[in-house]
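Listed below, chain by chain, are the residues.
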Amino acid sequence: MAIVKIDAVGGYEGQSVTICGWLTHKRSSGRIRFLMLRDGTGTIQATLIKGETNEHALDLYSELLQESSLAVTGTVRRDKRAPGGYEILVSDVEAFQVADTYPIAPKEHGVGFLMDHRHLWLRSSRQWAILHVRHTVINAARRFFDDQGFTLLDAPILTGASCEGTTTLFETDYFGDRKAYLSQSGQLYMEAGAMAFGKVYCCGPTFRAEKSKTRRHLTEFWMIEPEVAFADLETIMKLAEALIVAIVEEVLKTRQQELHLLERDITRIEKIRPPFYVISYDEALQILKDAGESLPWGEDFGGSQETIVSNHFDKPVLIHRYPAQIKAFYMKNDPDRSEVALCLDVLAPEGYGEIIGGGQREDDTAILKEKIEEAELLAEDFKWYLDLRRYGSVPHAGFGLGIERTVAWLCGLEHVRESIPFPRLMDRLYP
Ligand code: 4AD
Ligand code: MG
């Protein structure tokens, strides 16, 4: 007997198949009994009828609780009313296990309860939809870079020094004689890679000990980080736009069912076509001023300011040339205006905040040395990084796209915690 996945039953109309899955719910109507089954590819209704279905299965029906694991055998029938368009007329049911009473009932649960049961919550249709979109976002981004001749270069997770500033480092003991840190970004290593391969990217988990309990912050999140040799700010601004366009196209092409299930307003995403909006930090300040939320020049935007600026646009907005004083040590200052950095942030629309951060890197040894000192970083930790400038330094640039914020935006989620299978937040390390 062929074991068939639910999303493939259409090819077996009139034939007998076995479906292995989990019971989402059951109901009976007169002498007919229904089992709703889920197998990860979809859901299907299995119909039990006296005379057609064996006695063993009819007896088993009454014992089955939600999430019992089953092998259901029967004939595939087309049925317009059934979700998915097909049902199974059951001849036999075998249970792998009859489940205990399932803690997640169809009633409303609080987020805390659901997060405590994240290992089970993953089975719900909403999480199924979100994490499928995540899968597609990562794949589309990787394919985008692969197709353009980038080489995947994995960055280390245990590092000896900080990349994005020392205040948000997770530190761990390294064999009792020194400290190691969980990587905040693979960037510095990608810079080494760009000098070896020309165009590289990494995609992996990064860590920030952020004490912020906002809907945009995780302590462990995934980033995809391209780095390009012989490139300037302009080059990677175009690259950032093209990447987002490629991700959006793939999600719209392959995840309609998921977006529909999430009740996402798809028209908002269909608008995401090039060109995106491009403004400077100074112009962003003016938008804030016009909105009655003036900010002195030189200060960074908080979440609420990002929301005001992004709400001004119906597509992503690229903001360039922030004050150098609020940006990381590795950024190159604008030679025409040294108080600003040749950097880039991309804000997603609808208040989803910054999804990309990056820019052109300082490529001069002496200036970089100074910046490392100013940032109060240990020169010896960055000896290797300075080597990249001593041996064939070139203009180069790159950025990092946060996977979870991108998924939260595309799915229309209230909080990034649902956009990663097992979120790590300031107050969440379980399960
Ligand atoms: O702007 P960030 O800090 O940039 C960097 O780390 C650069 N070194 C990247 C590079 O140039 N290669 O972070 C990049 C992106 C942000 O725009 C945001 O999408 C995401 O990473 N991000 C977070 N996502 C979830 N939770 C957090 N705590 C995040 N911090 C940053
Ligand atoms: Mg940033």
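A. Spatial organisation of unusual backbone geometry. Residue Pro274 is joined to Pro275 through a cis peptide bond whose omega torsion reads 0°. Even without being glycine, Glu350 reaches a positive phi, approximately 60°. Relative to the assigned elements, Glu350 resides in the loop between strand 16 (343–348) and strand 17 (353–360). Positive phi is not limited to glycine here, since Glu376 has a value of about 55°.

B. A look at the nonpolar core. Counting 58 residues, the largest nonpolar core has Phe145, Ile244, Ile247, Leu344 and Trp409 as the members making the most contacts within it. Once residues lying within four places of it in the same chain are set aside, the contact partners of Ile244 are Ile272, Phe276, Pro316, Val346, Ile355, Ile356, Leu401 and Trp409.

C. Main features of the site of ligand 1. Around ligand 1, a shell composed of 23 residues is seen, among which Glu164, Gln187, Arg208, Glu225 and Glu354 lie nearest. In the model, a nitrogen atom of ligand 1 is placed 3.3 Å from a nitrogen or oxygen of the Tyr330 side chain. Backbone polar atom of Gly402 to an oxygen atom of ligand 1: 3.4 Å apart, as the coordinates give it. Its free accessible area being 630 Å², ligand 1 has 94% of it covered by the protein chains. For the shell around ligand 1, the secondary-structure elements that each account for two or more residues are strand 11 (220–229), strand 17 and strand 18 (396–402). A per-element tally of the shell around ligand 1 places strand 17 first, with five residues.

D. Up close: the pairing of strand 3 (residues 43–49). Within strand 3, five of the seven residues are buried, leaving the element largely enclosed by the surrounding structure. Looking at chain direction, strand 2 (residues 32–38) and strand 3 are connected through seven bridges and run antiparallel. Directly across from Arg33, in strand 3, lies its bridge partner Leu48. Counting the residues that bridge the hairpin from strand 2 to strand 3 gives four residues, and of these Gly40 lies at a positive phi of roughly 95°. Judged from the three bridges that link them, strand 3 and strand 5 (residues 86–97) form a sheet pairing that is parallel. The residue of strand 5 that forms the bridge with Ala46 is Ile88.

E. Structural context of the domain arrangement of the protein chain. When its domains are assigned, the protein chain resolves into domain 1 (2–97) and domain 2 (118–419). Between domain 1 and domain 2, the C-alpha centre-to-centre distance is 46 Å.

F. Geometry of the sheet that holds strand 10 (residues 199–207). A sheet is described by the order of its strands in space; here eight strands give the open sequence 6-10-11-18-17-16-13-12, paired in mixed fashion. Lying at the two open borders of the sheet, with one neighbouring strand each, are strand 6 (151–152) and strand 12 (277–280). Here nine bridges tie strand 10 to strand 11, and the two strands are oriented antiparallel to one another. Bridging from a neighbouring strand, Cys202 pairs with Glu225 of strand 11. Of the strands in this sheet, strand 12, strand 13 (317–320), strand 16 and strand 17 touch helix 10 (residues 303–311), which is tilted by about 75° from strand 16.

About the cut-offs
- Residues numbered from 1 in each chain as written.
- Chains lettered and ligands numbered in written order.
- Predicted model: local features only at pLDDT ≥ 70, side-chain atom pairs only at ≥ 80, totals over all residues.
- Heavy atoms only, no water.
- Helix = DSSP H or I, 4+ residues; strand = E, 2+ residues; numbered from the N terminus.
- Core = buried A, V, L, I, M, F, W, Y, C linked by side-chain atoms within 4.5 Å.
- Buried < 20%, exposed > 50% of the residue type's maximum accessible area, 1.4 Å probe, protein only.
- Contact = heavy atoms within 4.5 Å.
- Near = heavy atom within 4 Å.
- Polar contact = N/O pair within 3.5 Å; in protein donor to acceptor, adjacent residues only side chain to side chain.
- Areas by Shrake-Rupley, 256 points an atom, 1.4 Å probe, with all protein chains shown as cover.
- Pairing = 2+ DSSP bridges.
- Domains from an automatic or database assignment.
- Axes fitted to C-alpha atoms, helices over the stretch in contact; angles between N-to-C directions.

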